[in-house]
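Secondary and tertiary structure notes
Here is how the chains run, residue by residue.
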Amino acid sequence: MANQLLEFKEILRSRQISPQRKSDKQTRKLLLYLFTSTRGGYTRLRIIIHLLDKPYNTHQLAQALELDYKAVQHHLKVLEKNNLVSKIGEKYGAIYHLSNFLEVNIHTLEEAIDKLDRKINQKKVYI
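A brief report on the enclosed structure follows. (Residues numbered from 1 in each chain as written. Predicted model: local features only at pLDDT ≥ 70, side-chain atom pairs only at ≥ 80, totals over all residues. Heavy atoms only, no water.)

Glancing now at the side chain of Arg46. Mapped onto the elements, Arg46 comes out in helix α3 (residues 41-53). Here Arg46 sits buried without a salt bridge, and the closest side chain of opposite charge, Glu66, lies 6.3 Å off (N-O distance). Those residues in contact with Arg46, other than ones at most four positions away along the chain, are Gln4, Phe8, Leu65 and Leu67. (Helix = DSSP H or I, 4+ residues; strand = E, 2+ residues; numbered from the N terminus. Buried < 20%, exposed > 50% of the residue type's maximum accessible area, 1.4 Å probe, protein only. Lys, Arg positive; Asp, Glu negative; His and termini not counted. Salt bridge = Lys/Arg side-chain N within 4 Å of Asp/Glu carboxyl O. Contact = heavy atoms within 4.5 Å.)

In structure tokens:
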């Protein structure tokens, strides 16, 4: 999983063409919460990385990520509710892509990946 997080960072770095602008505190807080403080953060990050390349519908994402359809559907609803993905169409055939909001603040995801990496690799010490 740690290697995959490094790959995600490289993918994000390769996509950043426009000059970086500093994201506001609320955006940073939202992204850190969604990707590091909740149980499904890693899965949501995988969805975002797949959507960087091209738009997908829920079924295609479920197959690409090798996850249950309902799980992907749930994560997409969370991402859509927080304005990170946009949906074109209705019901089963709806196509999801990155929202303009996320595309502008995509560089902030790198910080979330770093924090998730530290969280995963952290050794627990019990006294």
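What follows is about helix α4 (residues 58-65). Turning to α4, its buried residues number three or more, namely Thr58, Leu61, Ala62 and Leu65. For α4, the arc enclosing every buried residue in end-on projection is 100°, short of the 170-degree limit, so these residues lie on one face. Its buried side turned inward, α4 meets α3, β1 (56-57), α5 (69-81) and β3 (95-98). Among the residues of α4, the N-terminal cap falls to Asn57, whose side-chain oxygen and the backbone nitrogen of His59 are separated by 3.1 Å. (Arc of directions from axis to C-beta. Polar contact = N/O pair within 3.5 Å; in protein donor to acceptor, adjacent residues only side chain to side chain.)

Below, the discussion takes up the environment of Glu80. Structurally, the position occupied by Glu80 is in helix α5. A residue is classified by how much of its surface remains accessible, and Glu80, at 29% relative accessible area, is partly exposed. Spatially, the C-alpha atoms of Glu80 and His97 are 9.8 Å apart, while their sequence positions differ by 17 residues. Among all residues touching Glu80, those that are not within four sequence positions of it are Val85, Lys87 and Tyr96.

Let us now look at the packing of α3 against α4. Put simply, α3 and α4 touch, their axes get as near as 11 Å, and they point 110° apart. Comparing the axis directions of α3 and α4 gives the class roughly perpendicular. Seen from above, α3 lies across α4 with right-handed handedness. In this structure, α3 uses Arg46, Ile47, His50 and Leu51 to contact α4, whose residues at the interface are Leu61, Ala64 and Leu65. (Axes fitted to C-alpha atoms, helices over the stretch in contact; angles between N-to-C directions. Parallel < 35°, antiparallel > 145°, perpendicular 65-115°, else oblique. Left-handed = near helix turned anticlockwise from the far one by under 90°.)

An ideal rise of 1.5 Å per residue puts 16 Å on 12 residues; helix α2 (residues 25-36) measures up with 16 Å between its terminal C-alpha atoms. Within α2 the residues assigned to the buried category are Thr27, Leu31, Leu32, Leu34, Phe35 and Thr36. Its buried side turned inward, α2 meets α3, α5, α6 (100-104) and α7 (108-121). (Expected span 1.5 Å × (residues − 1).)

Here we come to the pairing of strand β2 (residues 85-88). Relative to β3, β2 runs antiparallel, the two being bridged by 4 bridges. Bridge assignment links Val85 to a residue of β3, and that residue is Leu98. What sits between the antiparallel neighbours β2 and β3 is a turn of 6 residues, in which Gly89 has the positive phi angle 100°. (Pairing = 2+ DSSP bridges.)

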